[in-house]
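# A look at the structure
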Amino acid sequence: MIQLEERIAVVGAGLAGSLVAHALAQRGAKPEVFDKSRGTGGRLSAARLGSMSADLGAPVVEQPVAARLLAQCATLPLEAWEHKAADFEGVAAAAVGRYVAVPRASALTRHLLQDIPLHTQVRVTAVEAAASGGWHLLSEQGETYGPFARVVIAAPAPQAVPLLASAPALQRAAAGVNMSPCWVLVVQLPVRPESVAQLDWLEAGDDVLARACRDSSKPGRGEGEVWQLQASSDWSQRYCEAEPDWVAEQLLETFAQQIGVPLQPLQQRVHRWLYADVAEAPLVPSLASPLSSDHTLGICGDWVGGGGAAGAVTSAEALIAALEAGR
Ligand SMILES: Cc1cc2nc3c(=O)[nH]c(=O)nc-3n(C[C@H](O)[C@H](O)[C@H](O)COP(=O)(O)OP(=O)(O)OC[C@H]3O[C@@H](n4cnc5c(N)ncnc54)[C@H](O)[C@@H]3O)c2cc1C
């Protein structure tokens, strides 16, 4: 059972951790959220691009996931995105319902966490039993937080492993998960290329590019011509350790060839997501048991719920259900 005023630490302010913290606060507990990054969102975050910002992770939320999110919190700043999609040959793609957070991807998690204490730029390095009972969080900077009655680990599996030393079954599950990388380039172009004047989303590219998304077409974005280019999973894996500048060159050149226009970006930013997606999760425990045997440590995240944003939502729902049921 979730106790009123119970102090619960949530490590990870991505979609899963934010949903759990929001649900805990609604049930009268006192969650506190920790993230190593400057802001919230994790793989649904945005990044600065000069004076602008651009979505750096998942560019959209698919309609079924958006519906589940809105069912949990009707005031979420999510809007349906009217957009034109095609493959790189220009053949129109099947219509898919896509939603975006407004004015940027991280608005989703900011909204969920708006009344919840949030500690950013705190990398949690260990979860240790407190002498007085409960758990302390230790940070890379040498700080100690807590004690907390419970701790939820909402980090990608490889980053969750060291934090689950006191819950061997959960730790084994996290250690068995493989996650795949993804290189992303966001660019601001001087003008909209003529060949994509009517297109906002290009997919099923070649070996290099998986998709290109016109960030500036999304609702609530500012002026400018900003695109997000996402490398394919295989290519990202092959060049995972390559120099970022070289990667940026390859992605931009490929996009330019695909759309048949030379490109001279005004500014750009390249990012490697080391743990972008769940590649393989052979040992993930049943969603019915995301808690340690004493119910004080829990896990959530896309890797617990089958991958992707849908997996993050599923895992958050399962964790809250398990905490409520005390199982
Ligand atoms: C480029 C890209 C495109 C994608 N496209 C899609 C798509 O089209 N459809 C789809 O469904 N999914 C897509 N995804 C995947 C989707 O974004 C994720 O599955 C989902 O956002 C994961 O949410 P999460 O909360 O589980 O994890 P995350 O968003 O990774 O959140 C985990 C958080 O934990 C923090 N953290 C980790 N370790 C620590 C620590 N030790 N201390 C403190 N904080 C820590 C991280 O900083 C992060 O903020 C995409 C991902 C990427 C990168």
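To start, this report covers the structure provided alongside it. Quantities reported herein were computed from a predicted structural model and do not represent experimental measurements. (Residues numbered from 1 in each chain as written. Predicted model: local features only at pLDDT ≥ 70, side-chain atom pairs only at ≥ 80, totals over all residues. Heavy atoms only, no water.)

### A short note on the overall build of the chain
Within the chain one finds eight helices and 19 strands. In terms of overall dimensions, the chain is globule-like: its C-alpha atoms have a radius of gyration of 20 Å, near the 20 Å expected for 327 residues. The dimensions of the chain, computed from C-alpha atoms along their principal axes, are 65 × 40 × 35 Å. Here the chain holds 327 residues, and the buried ones make up 51% of them. Partitioning the intrachain contacts of the chain with sequence separation of at least 6 by distance along the chain shows that 67% fall at a separation of at least 24. (Helix = DSSP H or I, 4+ residues; strand = E, 2+ residues; numbered from the N terminus. Rg over C-alpha atoms; globule rule 2.2 N^0.38 Å. Buried < 20%, exposed > 50% of the residue type's maximum accessible area, 1.4 Å probe, protein only. Contact = heavy atoms within 4.5 Å.)

### A short note on the pattern of salt bridges
A full pass over the atoms with the stated rule returns 15 salt bridges. Here glutamate 225 and arginine 214 are joined by a salt bridge, their closest N and O atoms 2.5 Å apart. Residue glutamate 225 is located in the loop between strand 16 (209–214) and strand 17 (226–231), and its partner arginine 214 is located in strand 16; the two are separated by eleven residues in the primary sequence. Comparing glutamate 225 with arginine 214 shows no difference in burial state: the two are buried. As a salt-bridge pair, lysine 218 and aspartate 215 come within 3.3 Å of each other at their nearest N and O atoms. Assessed through its relative accessible area of 3%, aspartate 215 is described here as buried. Taken together, the shared-partner salt bridges connect Asp55, Asp215, Lys218 and Arg221 into one network. (Salt bridge = Lys/Arg side-chain N within 4 Å of Asp/Glu carboxyl O.)

### Side note on the site of the ligand
As a structural note, the neighbourhood of the ligand is formed by 37 residues, with Asp35, Arg43, Arg211, Asp302 and Ala309 the closest of them. Within the side chain of aspartate 302, an N or O atom sits 2.8 Å from an oxygen atom of the ligand. One nitrogen or oxygen atom from the main chain of alanine 309 is found 2.9 Å from an oxygen atom belonging to the ligand. Surface burial for the ligand is 94%, taken as the share of its 1,000 Å² of free accessible area covered by protein chains. In the shell around the ligand, the residues fall into 20 nonpolar, ten polar and seven charged. (Near = heavy atom within 4 Å. Polar contact = N/O pair within 3.5 Å; in protein donor to acceptor, adjacent residues only side chain to side chain. Areas by Shrake-Rupley, 256 points an atom, 1.4 Å probe, with all protein chains shown as cover. Nonpolar A, V, L, I, M, F, W, Y, C, P; charged D, E, K, R; others polar.)

### A word on helix 2 (residues 63–72)
Among the residues of helix 2, those classed as buried are Val65, Ala66 and Leu69. Projected onto a plane normal to the axis of helix 2, the buried residues spread over an arc of 100 degrees and lie on a single side. Residues of helix 2 that are exposed and point more than 90 degrees away from the buried face comprise Pro64 and Ala71. Buried residues along helix 2 sit in contact with helix 1 (15–26), strand 5 (61–62), strand 6 (78–80), strand 8 (98–101), helix 3 (107–112) and helix 8 (308–325). (Arc of directions from axis to C-beta.)

### Topic: the sheet that holds strand 2 (residues 30–34)
A sheet is described by the order of its strands in space; here five strands give the open sequence 9-2-1-13-19, paired in parallel fashion. The sheet is open, and its two borders are formed by strand 9 (118–119) and strand 19 (297–299), each paired with just one other strand. Sheet topology note: the strand 13 (residues 150–153)/strand 19 ladder contains three bridges and is parallel. The partner of isoleucine 153 across the bridge, within strand 19, is isoleucine 299. (Pairing = 2+ DSSP bridges.)

### Some details on the side chain of arginine 150
Considering the arrangement of structural elements, one finds arginine 150 in strand 13. Residue class for arginine 150 comes out buried when judged on its relative accessible area of 10%. The contact partners of arginine 150, leaving out residues within four places of it in the chain, are Met1, Ile2, Glu6, Arg7, Ile8, Ala9, Trp135, His295, Thr296 and Leu323.

### Examining the packing of aromatic side chains
Under the criterion given, the structure shown has seven aromatic pairs. For the ring pair tryptophan 235 and tyrosine 239, a centre distance of 4.9 Å and an interplane angle of 45 degrees mean the geometry is tilted. Residue classification places tyrosine 239 among the partly exposed residues on the basis of a relative accessible area of 28%. Judged by centre distance (4.9 Å) and plane angle (55 degrees), the rings of tyrosine 239 and tryptophan 246 are tilted. An aromatic cluster of at least three residues, connected via ring pairs, comprises Phe34, Tyr145 and Phe148. The positively charged end of arginine 98 is found above the aromatic ring belonging to tryptophan 201, 4.0 Å away from the centroid. (Phe/Tyr/Trp six-rings, centres within 6.5 Å; stacked < 30°, edge-to-face > 60°. Lys NZ or Arg CZ within 6 Å of the ring centre and 35° of its normal.)

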